[in-house]
Amino acid sequence: MSKRIELKDLNIFYGKFHAVKSVNMTIEPRAVTAFIGSSGCGKSTVLRSINRMHEVIDGAYVEGQVLLDGVDLYDKAVDPVRVRRHIGMVFQRPNPFPTMSIRENILAGVRLNNTKISRSEADELVEQSLRGANLWNEVKDRLDRPGSGLSGGQQQRLCIARAIAVSPDVLLMDEPCSALDPISTLAIEDLIKELKETYTVVIVTHNMQQAARVSDSTAFFNLKAHGQPGELIEYGPTEKIFHNPDQKATEDYITGRFG
Ligand SMILES: Nc1ncnc2c1ncn2[C@@H]1O[C@H](COP(=O)(O)OP(=O)(O)OP(=O)(O)O)[C@@H](O)[C@H]1O
């Protein structure tokens, strides 16, 4: 299930604006990779280009390659909808479908894919996905109540359960804890560490302690100046990036001297 992602000379544009320049990196399976860097350096843009969400914005496009276990996701023969099914995404603000029950939220992706499943298969999938997101025990007695009635942290775990219900290869997380309190944040961080056993996980975070706690590898992005494209400055094991980076810009950012 977990797959390797390679970004090859990836340049990302919003119309004429060159947002991110020449990213080359390999994101390992069964690991958590964190994207860090100051605001506007392109972390979310790179993340969204991995599952072809970037191009849904008018005029937005990429040049270069994104390979998933060697398959170029931007090949003309590849359907972007299928890409998004294999590469799930969790956003900053928990976004369960508000009118749907907890159960229906989990099944939404499967129904969108037009996969026919029996009642008992659906029950099993709901339980399995909620267990996978460490939410089952808290909601098993109220599966038919609206997802929007859960706490923020529970809603975010519901969104993670919804994302894993379609058996993706990769989970992309864009600041998944930024709207959560510290206790819910720790619950999501514990979950992220478990999810990497099964999925390739990529997380954008502004919280350096979080990157240090959850990730195996860290990519530091930076901007030379406003209006310039963001660049990948340094990428390596989290331990090294945080304690012995090669680049001065990385060290300055990590130690809080800028950004
Ligand atoms: N929809 C858009 N249209 C045009 N430009 C955009 C759009 N979204 C982002 N940008 C620009 O692309 C650049 C990178 O933005 P992005 O959101 O990827 O940065 P980021 O590192 O994730 O920032 P933050 O940490 O603040 O979320 C910025 O200059 C931003 O203004």
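About the cut-offs
Residues numbered from 1 in each chain as written. Predicted model: local features only at pLDDT ≥ 70, side-chain atom pairs only at ≥ 80, totals over all residues. Heavy atoms only, no water. Helix = DSSP H or I, 4+ residues; strand = E, 2+ residues; numbered from the N terminus. Rg over C-alpha atoms; globule rule 2.2 N^0.38 Å. Buried < 20%, exposed > 50% of the residue type's maximum accessible area, 1.4 Å probe, protein only. Contact = heavy atoms within 4.5 Å. Areas by Shrake-Rupley, 256 points an atom, 1.4 Å probe, with all protein chains shown as cover. Pairing = 2+ DSSP bridges. Axes fitted to C-alpha atoms, helices over the stretch in contact; angles between N-to-C directions. Parallel < 35°, antiparallel > 145°, perpendicular 65-115°, else oblique. Left-handed = near helix turned anticlockwise from the far one by under 90°. Nonpolar A, V, L, I, M, F, W, Y, C, P; charged D, E, K, R; others polar. Salt bridge = Lys/Arg side-chain N within 4 Å of Asp/Glu carboxyl O. Expected span 1.5 Å × (residues − 1). Arc of directions from axis to C-beta. Polar contact = N/O pair within 3.5 Å; in protein donor to acceptor, adjacent residues only side chain to side chain. Near = heavy atom within 4 Å.

**Q** Even after reading the chapter, I still don't get the overall build of the protein chain, so can you show me in this structure?
**A** A count of helices and strands for the protein chain gives 10 helices and 10 strands. Rg of the C-alpha trace for the protein chain: 18 Å, near the compact-globule value of 18 Å for 259 residues, within the 12% margin. Along the first, second and third principal axes, the C-alpha atoms of the protein chain reach 55 × 45 × 30 Å. The buried share of the protein chain, taken over its 259 residues, is 51%. For the protein chain, contacts bridging at least 24 residues in sequence account for 66% of all contacts bridging at least 6. Carbon and sulfur atoms make up 49% of the accessible area of the protein chain, which totals about 12,200 Å².

**Q** Hey, could you run me through the environment of Val201 in this one?
**A** For Val201, the position within the fold is in strand S8 (residues 200–204). On a C-alpha basis, the gap between Val201 and Asp169 in space is 9.0 Å, while along the polypeptide they are 32 residues apart. Setting aside residues no more than four positions away along its own chain, Val201 makes contact with Ala31, Val32, Thr33, Leu171, Met173, Ile192, Leu195 and Lys196.

**Q** What am I meant to see in the pairing of strand S2 (residues 17–27) here?
**A** In summary, the side chains of a regular strand alternate between the two faces of the sheet. Relative to S2, strand S1 (residues 5–14) runs antiparallel, the two being bridged by 7 bridges. Each bridged residue has a counterpart across the sheet, and for Tyr14 the counterpart in S2 is Phe17. Sheet topology note: the S2/strand S10 (residues 230–237) ladder contains 2 bridges and is parallel. Following the sheet pairing, Lys21 is matched in S10 by Glu231.

**Q** What am I meant to see in the packing of helix H4 (residues 119–132) against helix H6 (residues 152–164) here?
**A** Packing of H4 against H6 brings their axes to within 8 Å, and their N-to-C directions diverge by 125°. The orientation of H4 with respect to H6, classified from their angle, is oblique. Two packed elements cross with a definite hand, and for H4 against H6 that hand is right-handed. On H6, the residues that touch Ser129, Leu130 and Gly132 of H4 are Leu158, Ala161 and Ile164. Taken together, the residues of the contact of H4 with H6 break down into 4 nonpolar, 2 polar and no charged.

**Q** Hey, could you run me through the pattern of salt bridges in this one?
**A** Once their charged atoms are close, side chains differing in charge can pair, the charge on each being opposite to the other. Within the structure shown, the criterion is met by 14 salt bridges. Note that Glu189 is salt-bridged to Arg213, the shortest N-O span being 2.6 Å. Residue Glu189 is located in helix H7 (residues 182–195), and its partner Arg213 is located in helix H8 (residues 208–214); the two are separated by 24 residues in the primary sequence. Here the salt bridges share partners, and the residues they tie into one network are Arg103, Arg119 and Asp123.

**Q** Looking at this structure, I do not really get the sheet that holds strand S6 (residues 87–90). What am I missing?
**A** Think of a sheet as strands paired side by side through backbone hydrogen bonds, with each pair either parallel or antiparallel. Reading across from one edge, S5-S4-S1-S2-S10-S9-S3-S8-S7-S6 is the order of the 10 strands in this open sheet, with mixed pairing throughout. The open sheet has two free edges, formed respectively by strand S5 (71–72) and S6, since each of these has just one partner strand. Examined bridge by bridge, strand S3 (residues 32–37) and strand S9 (residues 217–223) share 5 bridges and lie parallel to one another. Within the sheet, the bridge partner assigned to Gly37 lies in S9 and is Phe221. Packing of helix H1 (residues 43–50) onto the sheet brings it into contact with S1, S2, S3, strand S4 (60–68), S6, strand S7 (170–174), S8 and S9, and relative to S1 it is tilted by some 115°.

**Q** I would appreciate a short explanation of H7 in the present structure.
**A** Residues three or four positions apart in an α-helix share a direction because the helix packs 3.6 residues into each turn. For H7, built from 14 residues, the straight-helix expectation of 20 Å at 1.5 Å per residue is met to within 8% by its first-to-last C-alpha distance of 20 Å. The set of residues buried in H7 consists of Ser184, Thr185, Ile188, Glu189, Leu191, Ile192 and Leu195. Along the axis of H7, the buried residues cluster in a sector spanning 165°; they form a single face. The exposed set on the far side of H7, more than 90 degrees from its buried face, consists of Pro182 and Ile183. If you follow the buried residues of H7, they end up packed against S3, H4, H6, S7, S8 and H8. Put simply, Asp181 is the residue that caps the front of H7, since its side-chain oxygen is 2.9 Å from the backbone nitrogen of Ile183.

**Q** Honestly, the site of the ligand in this entry has me stumped. Any pointers?
**A** Surrounding the ligand, one finds 14 residues, the nearest of these being Ser39, Lys43, Ser44, Thr45 and His206. Taking Gly40, its main chain carries an N or O atom lying 2.9 Å from an oxygen atom of the ligand. Take His206: an N or O atom from its side chain is 2.7 Å from an oxygen atom of the ligand. Considered on its own, the ligand offers 640 Å² of accessible surface; in the complex 64% of this is hidden by protein. Elements supplying a minimum of two residues to the shell around the ligand: S2 and H1. Here the shell around the ligand takes 3 residues from H1, the largest share from any one element. A breakdown of the residues in the shell around the ligand according to their chemical character gives 5 nonpolar, 7 polar and 2 charged.

Geometric descriptors of this kind do not, in isolation, establish any biological role.
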